[in-house]
Amino acid sequence: MKTLAQHNSKSRFLKSCAALVVIALFAIGLFFKQSTVAANTGKTEPRHNAEKYQRPRDIPYPKENFYSSERELLGRTLFFDPRLSGSNWISCASCHNPGFSWGDGLSKGIGHGMKELGRRTPTILNLAWAELLFWDGRASSLEEQALGPIASAGEMNMNLDQMVGKISSISGYQELFKRAYPGESISKETVAKAIALFERGVVSGKSPFDDWIGGNDQAMSAEARRGYALFNEKADCVKCHNTWRFTDDGFHDIGLTSPDNGRGNILKEIEVMQHAFKTPTLRNVDRRAPYMHDGSLGTLEQVIEFYNKGGAVKRQSVSPEIKPLNLTDQEKHDLLAFLRALTSVDKPVEVPSLPR
Amino acid sequence: MVRAVSLIFFACFVAAAAAPMGQQTVTQKNKAFSAEQITIKKGDSIVFKNDDDVTHNVFSNSKGNEFNLKAQAPGAEVPIAFKSEGVVEIRCAFHPKMKMTVTVK
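Here the structure is a predicted model, which means the values were calculated and not measured.

Caption draft 1: Inspection of the sheet that holds strand 1 (residues 23-29) of chain B at higher detail. All names here are of chain B. Reading across the sheet, the 4 strands line up as 2-1-4-7 and stay open at both edges, with mixed pairing between neighbours. Only two strands of the sheet have a single neighbouring strand rather than two, namely strand 2 (32-33) and strand 7 (77-81). With 5 bridges joining them, strand 4 (residues 45-50) and strand 7 adopt antiparallel strand pairing. Among the inter-strand pairings, S45 is bridged to a residue of strand 7, identified as A81.

Right, dumping it as structure tokens:
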């Protein structure tokens, strides 16, 4: 039989254990409560739509023009070669200059005979994922697009048959084509395939935004983080500038004053396509001023102001998504900080030795 | 258990009764059609419903079945009857990545 003293001793021991368990549970509860508070109020920023901004692992090359380093070299060489133009003076890279994030920094492109073109030069960044090419979407693949500016009288002004003859006469090219596309002749098609393949590899690198969306809270400033929330909510830029490339590959009349009919020249019967142009990527956007298809806005501040006012003109074709945003000055500042966080620091681009 | 099965049968019956014969609904959500390919009979209809938070403009230029829904606000739905046999390519003018094919037999 247990004595009363033993019983009391055991009872005290059990009470002590129970008290310890209660304290431990309380401490654990407090810890989790504090963690939740910290997550809600401070260090961990909300990342709306984070899954929609993940960068892809691979570049999608079509099986009929699969990647090889020999093809990439040929495409790069053709891209930088001014002999693809009638004047022997303009290359693809003359307008799509890697130093300007693959644009030209001008409000309108400059073509053959130094004549100004009708639209601003679009970047070729991240086109491997694009649906339709050119500002008005008149080409459905990079292979189809590649020869357009070469043959255009206003741009590179080169007869395509003559181009094939000219390239074929350069012995260095014969070897490059043989290695890149064995069994295929030097032709308009192989030139287009090589340039398209090179362009697919022009991809913007990781930006501060990518690091932040990946979990590094310090990768973007507080302004840029607030700008991200605005981008996805109040300003609703994400309605068109979505996916990791920040474009819906769509066409919208955003209410610019330019008389250019854009996509309306292709889809004449569709009212909302009149004055509509392709949504450009926002990757590295602060390196590509001026802006819009007509280069009419010189700075990103002007672009934000344009959208804040709900566009410049009202007409039937203007997209229903375009409406006044009522952003405060601080919000405009934050949005700008976010846009600047989309710029990557990319490696210098290698300019190839051109074959003779 | 018997009650639950009865309820399910009743729900299916109501759903079938609500959709007219020869009519299907295709929604637009997250800038995609709910079906990429559908086969229907000549004269059947498809109801195009915008379940997105953006405006769409569904259209087709396929000969014999041309149509243009014009700007279709979120929530709106429009029936289209397909009058000719053949393959009908359907797109959204705003969002060309939205593609679907209707085979009319």
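Read on for the rest.
Caption draft 2: Representation of the interface of chain B and chain A. Tallying the contact residues gives 15 residues for chain B and 20 residues for chain A. Across the interface of chain B and chain A, roughly 1400 Å² is buried in total on both sides, 57% from carbon and sulfur atoms. When the buried area of chain B at its contact with chain A is split by residue, F94, P96 and K97 of chain B rank highest and sum to 37% of it. Summed over the shared surface of chain B and chain A, the result is 3 salt bridges. Residue D248 of chain A pairs with K31 of chain B through a salt bridge whose shortest N-O separation is 3.8 Å. For the pair chain B and chain A, the interface holds 8 residue pairs in polar contact (both at pLDDT 80 or more). Among the residues forming the side of chain B that touches chain A, the class breakdown is 6 nonpolar, 5 polar and 4 charged.

Caption draft 3: Representation of helix 7 (residues 188-200) of chain A. All names here are of chain A. Along its 13 residues, helix 7 runs 18 Å from first to last C-alpha, staying within 8% of the 18 Å computed at 1.5 Å per residue. Burial analysis of helix 7 places 11 of its 13 residues in the buried class, the great majority of the element. What helix 7 keeps buried is the set T190, V191, A192, K193, A194, I195, A196, L197, F198, E199 and R200. Considering only its buried residues, helix 7 is in contact with helix 2 (69-79), helix 4 (142-151), helix 5 (160-168) and helix 6 (171-180).

Quick notes on the rules
Residues numbered from 1 in each chain as written. Chains lettered and ligands numbered in written order. Predicted model: local features only at pLDDT ≥ 70, side-chain atom pairs only at ≥ 80, totals over all residues. Heavy atoms only, no water. Pairing = 2+ DSSP bridges. Helix = DSSP H or I, 4+ residues; strand = E, 2+ residues; numbered from the N terminus. Contact = heavy atoms within 4.5 Å. Buried area = accessible area lost by both parts, 1.4 Å probe. Salt bridge = Lys/Arg side-chain N within 4 Å of Asp/Glu carboxyl O. Polar contact = N/O pair within 3.5 Å; in protein donor to acceptor, adjacent residues only side chain to side chain. Nonpolar A, V, L, I, M, F, W, Y, C, P; charged D, E, K, R; others polar. Expected span 1.5 Å × (residues − 1). Buried < 20%, exposed > 50% of the residue type's maximum accessible area, 1.4 Å probe, protein only.

Any functional reading would require information beyond the geometric quantities listed.
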